[in-house]
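Below are the chains, spelled out letter by letter.
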Amino acid sequence: MSEQEISQFERQRQEKLSAIKELGIDPYGGRYEGSEAAFDVKGRFKEDDQTQRAKSAGRIVLLRDIGKLIFITLRDWSGTIQVGLSKSLLSGQWGLVKLIELGDIIGAAGQLGKTKTGEITIWADEVTILSKSLMQPPEKFHGLADVDMRYRQRYVDLWANPEVMPLFKKRSDIVACIREFLRGRGFMEVETPMMQSIAGGAAAKPFITHHNSLDMDLYLRIAPELFLKRLLVGGMEKVFEINRNFRNEGLSRRHNPEFTMMELYQAYGDYNVMMDLTEELISFLAGKFCENNQVQFDDMKIDFGRPWRRAKYSELLKEYSGCDINDIVAIRKKAKELGIDEMGMDDAVVINEVFEATVEDNLINPTFVMDYPAAICPLTKRKKSDPNYAERFEMYIAKMELANAYTELNDPAVQEENFHHQLRGQHDTMAKMDEDFITALKYGMPPAGGLGIGIDRLIMVLTGATSIRDVVLFPLLKNVVRE
RNA sequence: GGGAGUGUAGCUCAGUCGGUAGAGCAACGCACUUUUAAUGCGUAGGUCUUGGGUUCGAAUCCCAACACUCUCACCA
């Protein structure tokens, strides 16, 4: 279909638009003051008070025309409210009233009352058209079901499917609570570069862009870690950042190429401090946003009740794969059984492959996995008691990695060595040495605990949404090729 | 990138053995001042994702492309 060609529906709506203009009315409205959220109007309604008035604005999502009386359901960001348009109350405006239709945005004011059937209703004595809709809205009962269209036209999805707006409101509330919680504990929010000349702090393929006047290639950041640690060097003691990371990798139910990460650093702390903080923060959120501290997620019932399990990496490996972490022969045998191509992989990588293949699917309730093999943790301080292991934990919920934390490595010599050391079998390693970060460490970084929490995934487990695309307003999609 | 599935009216979906397409909602017309997915009667609406092929004949069978979903791979 060519773009010039407009549908019969759009043509019909254009005619109504013209008819509204002919009445001398601007079909696109303007400032509209004094309107109240539908939710609030319903909340303050009193049974036998005849003097109540209300004024609301929103989109018409249902319309029942009974001749000289029209019932309309208006939806705004807070919910819906019924408006009754009666010819006897609106005789002067009846010409306009008969021209409005599903999808239009209107304002209405009048006495607040109830209908015979008990529905709280604004009996309008004044109606204002605020925006004429030229497009046909989706089916009123099923809404917009086509997932592709829901993501491409989120601006329709948000009002056509009633559960969508509350979900994104909840996301906003959760993020606000995280900020409130952290600020309450003395953390300072900062913003560090999203465009970096060296994409460091994680092992992932970056997106590349170019700055013209500096004639310089830049990477969209894969993590803020190395910049936040520079702030520790600078003397900030408790910092956090909530912002986007970008990773040039595959998409899935759990992966969007741009995703929101909360990273925080606390000077003089360690990974045990981070563990307590993680448990307290997420428990606080679960208590606030989840009924009975539980969430149904797919076929899993997640229980956020404390205390959360804290188990060693080696312990979980033993529990679910049957292998002792020190018995590399048995682990390689297990890897073969699992179909992992372990030839040419370093031991630590094979162990981690087996771990991921056997353990992850069992981690449903919040679980801290502690003490990772040091070889796969280049930014982490090793355990004093056993330098083969690093003071790192990952926290899992519903088989997903939600958080990752370290006792941060602050020895510049060890850090430099780790940057140089490449593990065979790992596709991406720290691509380029960040010399300036090493310089920063040489000035002295206080010992610290650091934590990263994947915000999108956290929203998923707190709301029961099983696809990251349901908690991201505009997830990345392929372009539709237009002829 | 691999595998499986899906793509039909503006939307939600049927479509049997291969015989040129159906419903509900929305739209248009008429009626209706207490509806709740309002109702009743009537009208109109389709390049069956796109391009090839098989066939007398394709929404239906085959091939390819495109998009989406699930899944695997990738993903400290």
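It should be noted that the structure appears before, not after, this text.
Remember, it's a predicted structure, so these values are computed and weren't measured experimentally. (Residues numbered from 1 in each chain as written. Chains lettered and ligands numbered in written order. Predicted model: local features only at pLDDT ≥ 70, side-chain atom pairs only at ≥ 80, totals over all residues. Heavy atoms only, no water.)

Visitor: What is the right way to look at the protein's contact with RNA strand B in this model?
Guide: The full set close to RNA strand B counts 55 residues, and Gln12, Thr117, Lys140, His255 and Arg469 are the nearest of them. The contact atoms of RNA strand B, taken as those within 4 Å of the protein, divide so that sugar and phosphate hold 59%. One nitrogen or oxygen atom from the side chain of aspartate 148 is found 3.4 Å from a sugar or linking oxygen belonging to RNA strand B. One of the side-chain nitrogen or oxygen atoms of glutamate 249 is found 3.1 Å away from a sugar or linking oxygen of RNA strand B. Contributions of two or more residues to the surface near RNA strand B are made by α1 (8–22), β1 (53–65), β2 (69–76), β3 (79–86), α4 (147–152) and β16 (389–397). With five residues, α4 is the largest single contributor of residues to the surface near RNA strand B. Class assignment for the residues of the surface near RNA strand B results in 20 nonpolar, 17 polar and 18 charged. (Near = heavy atom within 4 Å. Polar contact = N/O pair within 3.5 Å; in protein donor to acceptor, adjacent residues only side chain to side chain. Helix = DSSP H or I, 4+ residues; strand = E, 2+ residues; numbered from the N terminus. Nonpolar A, V, L, I, M, F, W, Y, C, P; charged D, E, K, R; others polar.)

Visitor: How should unusual backbone geometry be read in this particular structure?
Guide: Glycine aside, negative phi is the norm for most residues, and most peptide bonds take the trans geometry. That bond from arginine 306 to proline 307 is cis: its omega, 0°, falls within 30 degrees of zero. Of note, aspartate 215 is a non-glycine position whose phi angle comes to about 45°, a positive value. Inspection of the secondary structure puts aspartate 215 in the loop between β8 (208–211) and β9 (216–220). You will see that aspartate 298, though not glycine, has its phi angle at about 60°, which is positive. Here aspartate 298 is to be found in the loop between β12 (294–297) and β13 (300–303). The class for aspartate 298 is partly exposed, based on a relative accessible area of 42%. (Buried < 20%, exposed > 50% of the residue type's maximum accessible area, 1.4 Å probe, protein only.)

By themselves, these observations are geometric and do not establish any function.
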